[in-house]
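Spelled out, the chains give:
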Amino acid sequence: MFYHKKQLQYFTPPEQPDPIYAKSMQELIGGVFGEMTVAMQYLFQGWNCRGPAKYRDMLLDIGTEEIGHIEILATMIAQLLDKAPVTAQEEGAKDAVVGAVMGGTNPRDIIMGAMNPQHAIVAGLGATTSDSVGFPWNGRFIVASGNLLADFRSNLHAETQGRLQAVRLYEMSNDPGVKDTLSFLIARDTMHQNQWLAALEDLEAEGLESTPVPSSFPLELEKREVAYQFLNMSEGEESAQGRWASGPSMDGKGEFEYVANPQPQGPAVEPPPPHPHLHGTGKTPQSSGQA
């Protein structure tokens, strides 16, 4: 079961409304790498975990924390929208507002156009379950495969992209409250990146999974002769200078080989004729007849 505490994990209110910035901040809630994604991803990974209890408990710990981060951001967005656009100042849309006044347009209409209209129309000046351009959050954003090494790598990716986006939003604001709140969330992303790196190391040290994932698939069933070939499939050979082009493979089970001029290994395949009931166009004329 879940309990909710009324106190936020961390929060510093904004000093003034900013409906235009609130639109951008929606990315941290409902974007592909937003808090809704990581919360649902970690919780479903935890609920589906059949491995040692420490991994399940860790996943549920962090998934529950991410629910709290959604609440922090939703609260921030609501306060950035407070009294907007009715009393919103023109700062942040100054050039557009000046042009609108000179052209006879109501400045409030310009502000409304720059903000997310669903914040006012749908959510009553509250946050929504969507990204910064209004695309709704989608459960297909999450990864919960049941293979912990595959999932933990995906989690590291999500936290890396999420921290990058939070840092970019930090740079886009001059509001001390917004920046202070984001600085907390950015710090938690730092912990979570380190957490997933530690979890990956721990999982492999336990011998539960290794590269390549899934490690339970017998290597002799794959074409081992191409398993460590780097194929130069674009113009230029600068890629030959990378760690991936020579030396022992990262899994310690092979040697990297650089193939400068890869050649196809399969034949040219002709597609079969279309099925007559599907009425596709074949290579030869089809006679028309009565059914």
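See above for the structure.
The sections below set out a description of the structure shown in this document. For every chain, the first residue of the written sequence is number 1, and numbering continues from 1 onward in sequence order. Only residues with pLDDT of at least 70 get local features here, since the model is predicted, and only at 80 or more are side-chain atom pairs given and counted; chain-wide, interface and lining totals rely on the full set of residues. Side-chain measures here rest on the full set of heavy atoms in the structure, leaving out hydrogens and waters.

Some details on the packing of helix H3 (residues 35-47) against helix H8 (residues 148-171)
Only C-alpha atoms enter the line fits that serve as axes; for helices the fit covers just the stretch in contact. Angles between N-to-C directions range over 0 to 180 degrees. Segments assigned H or I by DSSP are reported as helices when at least four residues long, segments assigned E as strands when at least two residues long, and all are numbered from the N terminus. Across the interface, H3 lies against H8 with an axial gap of 11 Å and an inter-helix angle of 165 degrees. Comparing the axis directions of H3 and H8 gives the class roughly antiparallel. Between H3 and H8 lies a crossing whose hand is left-handed. Here Val38, Gln41, Tyr42 and Gln45 of H3 lie close against H8, whose contacting residues are Asp151, Ser154, Asn155, Ala158 and Glu159. Ten residue types, Ala, Val, Leu, Ile, Met, Phe, Trp, Tyr, Cys and Pro, are classed as nonpolar, four, Asp, Glu, Lys and Arg, as charged, and the remainder, Gly among them, as polar. For the contact of H3 with H8, the class distribution of residues is three nonpolar, four polar and two charged. If an angle is under 35 degrees, it is roughly parallel; if it is over 145, roughly antiparallel; if it lies from 65 to 115, roughly perpendicular; otherwise it is oblique. In this scheme the handedness of a crossing depends on how the near helix is turned from the far one: anticlockwise by less than a right angle means left-handed, clockwise means right-handed. Any two residues whose heavy atoms approach within 4.5 Å at even a single point are treated as in contact.

Considerations on the nonpolar core
The set of buried Ala, Val, Leu, Ile, Met, Phe, Trp, Tyr and Cys residues whose side-chain atoms join them within 4.5 Å is what this entry labels a nonpolar core. Only protein chains enter the accessibility calculation, which uses a 1.4 Å probe; a residue is then buried when its area is under 20% of its type maximum, exposed when over 50%, and partly exposed in between. Of all hydrophobic cores here, the largest spans 20 residues; its most connected members are Tyr21, Met25, Leu80, Val178 and Leu182. Looking at this core, the elements that each hand over two or more residues are helix H1 (19-25), helix H2 (27-30), helix H4 (53-80), H8 and helix H9 (176-205). Once residues lying within four places of it in the same chain are set aside, the contact partners of methionine 25 are Leu73, Met76, Ile77, Leu80, Leu169, Val178 and Leu182. Of all hydrophobic cores here, the second largest spans 16 residues; its members include Val38, Cys49, Ile62 and Ala158.

Focus: the packing of aromatic side chains
In this analysis, rings of Phe, Tyr and Trp, with Trp reduced to its six-membered ring, are considered paired at centre separations within 6.5 Å, and the interplanar angle assigns stacked below 30 degrees, edge-to-face beyond 60, and tilted for intermediate values. The full count for this structure, using the stated rule, is eight aromatic pairs. With 5.1 Å between their ring centres and 50 degrees between their planes, tyrosine 42 and tryptophan 196 make a pair best called tilted. Here tyrosine 42 is found in helix H3, whereas its partner tryptophan 196 is found in helix H9, with 154 residues between them in sequence. Each member of the pair tyrosine 42 and tryptophan 196 is classed as buried. Ring geometry for tryptophan 137 versus phenylalanine 141: centroids 6.3 Å apart, planes at 90 degrees, classification edge-to-face. Residue classification places phenylalanine 141 among the partly exposed residues on the basis of a relative accessible area of 21%. Joined through ring pairs, the aromatic side chains of Tyr42, Tyr55, Phe152 and Trp196 make up one cluster.

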